[in-house]
Amino acid sequence: MSEIKVSGLRHVYSADTPFEKIAIDNVNVEIPHGQLVGLIGHTGSGKSTFIQHLNGLLVPSSGTVLVDSVNINGDKAAARDVRFKVGLVFQYPEYQLFEETVYADIAFGPKNMKLTESEIDERVREAAALVGVGEELFERSPLELSGGQKRRVAIAGVIAMRPGVLILDEPTAGLDPAGCQRILETICDYREKTGSTVVIVSHSMDDVARIADRLIVFNHGSIRFDGTPEEVFSNPKELSDIGLSVPAPTQIASALREQGVEIEGSVYTTEQLLAALLKLKKEVGRNA
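Residues numbered from 1 in each chain as written. Predicted model: local features only at pLDDT ≥ 70, side-chain atom pairs only at ≥ 80, totals over all residues. Heavy atoms only, no water.

## Quick notes on the overall build of the protein
Thinking step 1. Along the protein, the regular secondary structure elements total eleven helices and ten strands.
Thinking step 2. Sequence-distant contacts in the protein: of pairs separated by 6 or more residues, those separated by 24 or more amount to 62%.
Thinking step 3. When the accessible surface of the protein is summed, it comes to about 14,100 Å², and 50% of that surface belongs to carbon and sulfur atoms. (Helix = DSSP H or I, 4+ residues; strand = E, 2+ residues; numbered from the N terminus. Contact = heavy atoms within 4.5 Å. Areas by Shrake-Rupley, 256 points an atom, 1.4 Å probe, with all protein chains shown as cover.)

## As for the nonpolar core
Thinking step 1. Within the largest apolar cluster, 51 residues are counted, with the highest numbers of intra-cluster contacts made by Ile106, Ile159, Leu166, Leu168, Val217, Phe233 and Leu239.
Thinking step 2. Excluding its chain neighbours within four sequence positions, the residues that come into contact with Ile159 are Ala127, Leu130, Val131, Leu166 and Tyr190. (Core = buried A, V, L, I, M, F, W, Y, C linked by side-chain atoms within 4.5 Å. Buried < 20%, exposed > 50% of the residue type's maximum accessible area, 1.4 Å probe, protein only.)

## Focus on the sheet that holds strand β6 (residues 86-89)
Thinking step 1. Spatial strand order, β6-β7-β8-β3-β9-β10: six strands in an open sheet with mixed pairing. Each edge of the open sheet is held by one strand with a lone partner, namely β6 and β10 (222-227). With strand direction ignored, the average angle separating the axes of adjacent strands in the sheet is 20 degrees.
Thinking step 2. In this structure, strand β3 (residues 36-41) lies alongside strand β9 (residues 214-219), joined through five bridges in parallel fashion. The residue of β9 that forms the bridge with Ile40 is Val217.
Thinking step 3. Contacts between helix α2 (residues 76-85) and the sheet are confined to β6 and β7 (165-169), with β6 contributing the most and set at about 65 degrees to the helix. (Pairing = 2+ DSSP bridges. Axes fitted to C-alpha atoms, helices over the stretch in contact; angles between N-to-C directions.)

## Quick word on the sheet that holds strand β1 (residues 4-13)
Thinking step 1. Spatially, β2-β1-β4-β5 is the arrangement adopted by the four strands of the open sheet, whose pairing is antiparallel. One side of each edge strand has no neighbouring strand; the edge strands of this open sheet are β2 (21-31) and β5 (70-71).
Thinking step 2. The pairing of β1 with strand β4 (residues 62-67) spans five bridges and is classified as antiparallel. Paired with Val6 across the two strands is Val65, which belongs to β4.

## A word on the packing of helix α10 (residues 248-258) against helix α11 (residues 270-287)
Thinking step 1. Put simply, α10 and α11 touch, their axes get as near as 8 Å, and they point 30 degrees apart. What the angle tells us is that α10 and α11 run roughly parallel. Where α10 abuts α11, its residues Pro249, Ile252, Ala253 and Leu256 lie against Thr270, Leu273 and Leu277.
Thinking step 2. Counted by class, the contact of α10 with α11 contains six nonpolar, one polar and no charged residues. (Parallel < 35°, antiparallel > 145°, perpendicular 65-115°, else oblique. Nonpolar A, V, L, I, M, F, W, Y, C, P; charged D, E, K, R; others polar.)

## Observations concerning the side chain of Thr250
Thinking step 1. Among the secondary structure elements, Thr250 is positioned in helix α10.
Thinking step 2. Assessed through its relative accessible area of 13%, Thr250 is described here as buried.
Thinking step 3. Looking at Thr250, its side chain comes within polar contact range of the main-chain oxygen of Val267, at 2.6 Å.
Thinking step 4. When near neighbours in sequence (up to four residues on either side) are disregarded, Thr250 contacts Phe233, Val267 and Tyr268. (Polar contact = N/O pair within 3.5 Å; in protein donor to acceptor, adjacent residues only side chain to side chain.)

## Let's talk about the packing of aromatic side chains
Thinking step 1. Under the defined criterion, the tally for this structure stands at five aromatic pairs.
Thinking step 2. Over the ring of Phe225 we find Arg224, and its NZ or CZ is 4.3 Å from the ring centre. (Phe/Tyr/Trp six-rings, centres within 6.5 Å; stacked < 30°, edge-to-face > 60°. Lys NZ or Arg CZ within 6 Å of the ring centre and 35° of its normal.)

## Focus: the environment of Gly46
Thinking step 1. Following the sequence through the fold, Gly46 ends up in the loop between β3 and α1 (47-53).
Thinking step 2. In this structure the C-alpha to C-alpha distance between Gly46 and Gly221, which are 175 residues apart in sequence, comes to 4.8 Å.
Thinking step 3. Residues within four places of Gly46 in sequence aside, it is in contact with Ala23, Ile24 and Phe218.

## Examining α11
Residues spaced three or four apart along an α-helix point in a common direction, a consequence of the helix completing one turn every 3.6 residues.
Thinking step 1. For α11, with 18 residues, the first-to-last C-alpha span of 26 Å sits near the 26 Å given by 1.5 Å per residue.
Thinking step 2. Where α11 is concerned, the buried positions are Leu273, Ala276 and Leu280. For α11, the buried positions fall inside an angular range of 65 degrees around the axis, keeping them on one side. The outward face of α11, more than 90 degrees from its buried face, is lined by the exposed residues Thr270, Glu271, Lys281, Lys282, Gly285 and Arg286.
Thinking step 3. Contact partners of the buried residues in α11: α10. (Expected span 1.5 Å × (residues − 1). Arc of directions from axis to C-beta.)

Now the structure itself:
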């Protein structure tokens, strides 16, 4: 597990040119060991720029990023080491599969860590099992797999390095509902079994509401909200003002309340909405 501390982070694209753009500005945030964080915000809000600083893909214009109290941009050794501590799965990672076989693709990261063949094999099989990729697929070309299978192979290739932090950029984008469910279950299983910190960038309020401990909301390069799903989704108007919505169950509960239906408590997941409606049904039955 790894802890992240970001202080005064600022990134400017095309600095000192007519195309200069401040992507993120004065971002301060700490992500402790083992937390599952949902990172949300409208397109262009700074989410992707932010996560690329967490494993050194981008160097800050100013500010610092510490992983386990080490400045990851302090020297070349720190910049190299953080790539194995903080694993980043890009949006549509299946397009980055390039080896001839599934096994070779998952093994690529561990090989770069200069591990022995037996250690590499152990990690490949462990990662494949964690994401639900059967060993019968190991000798197949990644290009022969379904979209969901390709994505799980790509995720396995990152977690085979056993990162203390796993970051996923829109991991359910483009998948059907069943595929989305399997990917979310994979992420939760990985977090539960390893205790790793997980950061998910998503446009789906319903996805992050279901699985995240904490939500960080970006708006125009800075953090607008930072709290539990309950705390963040209790601000529907403010979220709407910055181009975001609340989860569908929250919208349904709000509409019911406007019609005079007494829905109690916070509702931002399907399970919470169902529980509230069942409770209401029982109360109506008792009073009938």
